[in-house]
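Inside the fold
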Amino acid sequence: MNRKRSIALYRRALGLIPGGVNSPVRAFKAIGIPPVFIERAKGSKIWDVDGNEYIDYVGSWGPMIMGHAHPRIVSALKKTAPKGTSFGAPTPLEIDLANEIRKAFPSMEMVRMVSSGTEAVMSAIRVARGYTGRNKILKFEGCYHGHGDSLLVKAGSGAITFGVPDSLGVPEDVAKHTLTAPYNDLDRVKALVNQYPDQIACIIVEPIAGNMGAVPPARGFLEGLRQICDEKGILLLFDEVISGFRVAFGGAQELYGIKADMTCLGKIIGGGLPVGAYGGKEKIMEGVAPLGGIYQAGTLSGNPMAMTAGLATLEILKTKKVYKDLEKKTVYLAEKISECAEERGVPVTINHATGLLTVFFTEVPVKDYATAKTSNTKRFAQFFIEMMEQGIYLPPSQFEAWFISLAHTQKDLDRTIESCEQAFKKI
Ligand SMILES: *Cc1c(COP(=O)(O)O)cnc(C)c1O
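As the structure is a prediction and not an experimental result, all values here were calculated from the model.

With that settled, consider empty space enclosed by the protein. Tallied over the entire structure, the rule returns 2 cavities of 30 Å³ or more. A volume near 50 Å³ is recorded for the largest cavity. In terms of lining residues, the largest cavity is bounded by 13 residues, among which D56, G59, M64, S405 and H408 are the most central. For the lining of the largest cavity, the residue count by class is 4 nonpolar, 7 polar and 2 charged. Here the second largest cavity is characterised by a volume of approximately 40 Å³. Forming the boundary of the second largest cavity are T358, V359, F380, L394, P395, S397, Q398, E400 and W402. Class assignment of the residues belonging to the lining of the second largest cavity gives a composition of 5 nonpolar, 3 polar and 1 charged.

Here is the structure:
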């Protein structure tokens, strides 16, 4: 494939933008080739600036569950834009989206709109701390909750319980309030909760992890967290920025029948425009300004364009049997790719949840960050490049999920499986 224009643009971008990109994983660092620059996308397909066509499994990292440039979403945006794109004052659209969200997530009795998933989580953590009067939070190794200071922490080694920042510029004084446990490890959670009595404001979790690759919760894990939180007066915070409106209309909470005290959303609820939302029980959300003393604000919060794209997306998602369809597509891909790998003698573990899938290049069952890390990332990089050459655009890291959309056709899926077969032959 010719990528001359992408390469030229990348060189230009390198002089203007750190690493040439506005979000690190876009730089293909884990692969070692320059990134492609995108010209346009439609449905399941994406085209780079050199005119190469790909079947897209990045889907903007989750929002594009309807595929790209869906006619109903585009037409809704065309109606909203001429009326003005931001007022810094309330609009009816915000009420409509908040109402749709609450119908899907009954535990979100009150909802506040923000402009990104990061902002939603940062705000929700502040609310949890303000409400409980406690400083510590507990998160899981390998779960990503945006780039807020308190959240850029994972366990450094098994012995460390106090958080160590993953990023320069995060004060240890902030990171020390973040406790970490391995995903799916209830015993570790119990130990930490007992070690820090009355100090933990919330347990934050991706109820279906997507940011170490797809890792579903073990049976009883989420129920166990719910029970521990109830016993200890800790708030349970579900980060459903990926799983919300993807694994089911009501997210993981609907799927597993568990109510979180607070929930964060993003990605799909903006239909491809910048958005986030957080919410929870009324008695907790009453603490948020201007009702209460926990301050949080945003110039573009509840932005009419973002609300419009989100509403149009949810309207389509709730009308059809979309989740059965998405589930079928996901399972089909997972099973067929698994068969191909076995035939070719390539050891893989494939994890999936509705609309999410990761091919881990390891034989070890992947249930947490440590087991995800057993993957052969060199092999993944070779696989990625082979797939790209065959016109399949995958997330450029072993530790990410493929995002399957409703726009992926049977033909797309079969072409993807054929490409996997070819790639497995070569790696
Ligand atoms: C993407 C993501 C975020 C951050 O959202 P942004 O809009 O990128 O700030 C937070 N939590 C989870 C689980 C995510 O996948």
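Now, onward.
Around the ligand lies a shell formed by S116, G117, T118, Y144, H145, G146, E206, N211, D239, V241, I242 and K267. Take T118: an N or O atom from its side chain is 2.6 Å from an oxygen atom of the ligand. Here D239 contributes a side-chain N or O atom positioned 2.6 Å from a nitrogen atom of the ligand. Here the ligand, which alone exposes 380 Å², has 83% of that area covered by the protein. Here the shell around the ligand is built from residues that sort into 3 nonpolar, 6 polar and 3 charged.

Across 3 bridges, the pairing between strand β2 (residues 45–48) and strand β3 (residues 53–56) is antiparallel. Within β3, the position partnered with W47 by the bridge is E53. Where β2 folds back on β3, the antiparallel hairpin that results is connected by 4 residues, among which G51 adopts a positive phi of roughly 85°. Relative to strand β15 (residues 392–393), β3 is paired through 2 bridges, and the arrangement is parallel. Along β15, the bridge assignment pairs D56 with Y393.

Moving on to the environment of D325. As for its position among the elements, D325 is in helix α11 (residues 322–344). With 230 residues separating them along the chain, D325 and I95 place their C-alpha atoms 30 Å apart.

Moving on, we come to unusual backbone geometry. As a rule of thumb, non-glycine residues mostly have phi less than zero, and peptide bonds are mostly trans rather than cis. A cis amide bond, omega 10°, links A289 with the succeeding residue P290. Mapped onto the elements, P290 comes out in the loop between α9 (282–285) and α10 (304–319). Positive phi values are uncommon outside glycine, yet A69 reaches one of about 50°. By the secondary structure assignment, A69 is in the loop between β3 and α2 (71–80). The exposure class assigned to A69 is partly exposed, which follows from its relative accessible area of 33%. One non-glycine residue, K267, lies in positive phi territory at about 45°.

Once that is clear, we can look at the packing of helix α13 (residues 377–389) against helix α14 (residues 410–426). It is the contact of α13 with α14, at a shortest axis distance of 9 Å, that shows an interaxial angle of 130°. With respect to each other, α13 and α14 are oriented oblique. Once α13 is placed against α14, the crossing between them reads as right-handed. Facing α13, whose interface residues are F383, E386 and M387, α14 presents T416, S419, C420, A423, F424 and K426. In terms of residue class, the contact of α13 with α14 is made up of 5 nonpolar, 2 polar and 2 charged.

Taken in spatial order, the 4 strands of this open sheet run β1-β2-β3-β15, and their pairing is mixed. Both outer strands of the open sheet, β1 (38–42) and β15, are each paired with one neighbouring strand and no more. Relative to β2, β1 runs antiparallel, the two being bridged by 4 bridges. If you follow I38 over to β2, its bridge partner there is D48.

A word on the pairing of strand β5 (residues 136–141). Within β5, 6 of the 6 residues are buried, leaving the element largely enclosed by the surrounding structure. Pairing of β5 with strand β9 (residues 200–205), which is carried by 3 bridges, proceeds in the parallel orientation. Note on β9: the bridge partner recorded for L138 is I203. Pairing analysis gives 5 bridges linking β5 to strand β8 (residues 178–182), with the strands arranged parallel. Looking at β8, one finds that I137 is bridged to T178.

Assigned domains within the protein: domain 1 (4–69 + 319–426) and domain 2 (71–317). Facing the 33 residues of domain 1 at the interface are 31 residues of domain 2. Between domain 1 and domain 2, the buried area comes to about 2,500 Å², and carbon and sulfur atoms account for 63% of it. Broken down residue by residue, the surface that domain 1 buries against domain 2 is led by M66, Y323 and Y369, which jointly contribute 25%. Run the count over domain 1 and domain 2 and you get 0 salt bridges. Connecting domain 1 to domain 2 are 10 residue pairs in polar contact (both at pLDDT 80 or more). Of all the elements in the fold, those that place two or more residues in the side of domain 1 that touches domain 2 are α11, β13 (349–353), β14 (356–360) and α12 (369–372). For the side of domain 1 that touches domain 2, the element with the most residues is β14, which contributes 4 residues. A per-class count over the side of domain 1 that touches domain 2 returns 21 nonpolar, 7 polar and 5 charged.

Conventions adopted
- Residues numbered from 1 in each chain as written.
- Predicted model: local features only at pLDDT ≥ 70, side-chain atom pairs only at ≥ 80, totals over all residues.
- Heavy atoms only, no water.
- 1 Å grid on protein atoms, 1.4 Å probe; cavity = no way out; pocket = protein on both sides within 12 Å on 5 of 7 lines; lining within 4 Å.
- Points joined across faces, edges and corners; volume = space filled by probe spheres on them.
- Nonpolar A, V, L, I, M, F, W, Y, C, P; charged D, E, K, R; others polar.
- Near = heavy atom within 4 Å.
- Polar contact = N/O pair within 3.5 Å; in protein donor to acceptor, adjacent residues only side chain to side chain.
- Areas by Shrake-Rupley, 256 points an atom, 1.4 Å probe, with all protein chains shown as cover.
- Pairing = 2+ DSSP bridges.
- Helix = DSSP H or I, 4+ residues; strand = E, 2+ residues; numbered from the N terminus.
- Buried < 20%, exposed > 50% of the residue type's maximum accessible area, 1.4 Å probe, protein only.
- Axes fitted to C-alpha atoms, helices over the stretch in contact; angles between N-to-C directions.
- Parallel < 35°, antiparallel > 145°, perpendicular 65-115°, else oblique.
- Left-handed = near helix turned anticlockwise from the far one by under 90°.
- Contact = heavy atoms within 4.5 Å.
- Domains from an automatic or database assignment.
- Buried area = accessible area lost by both parts, 1.4 Å probe.
- Salt bridge = Lys/Arg side-chain N within 4 Å of Asp/Glu carboxyl O.

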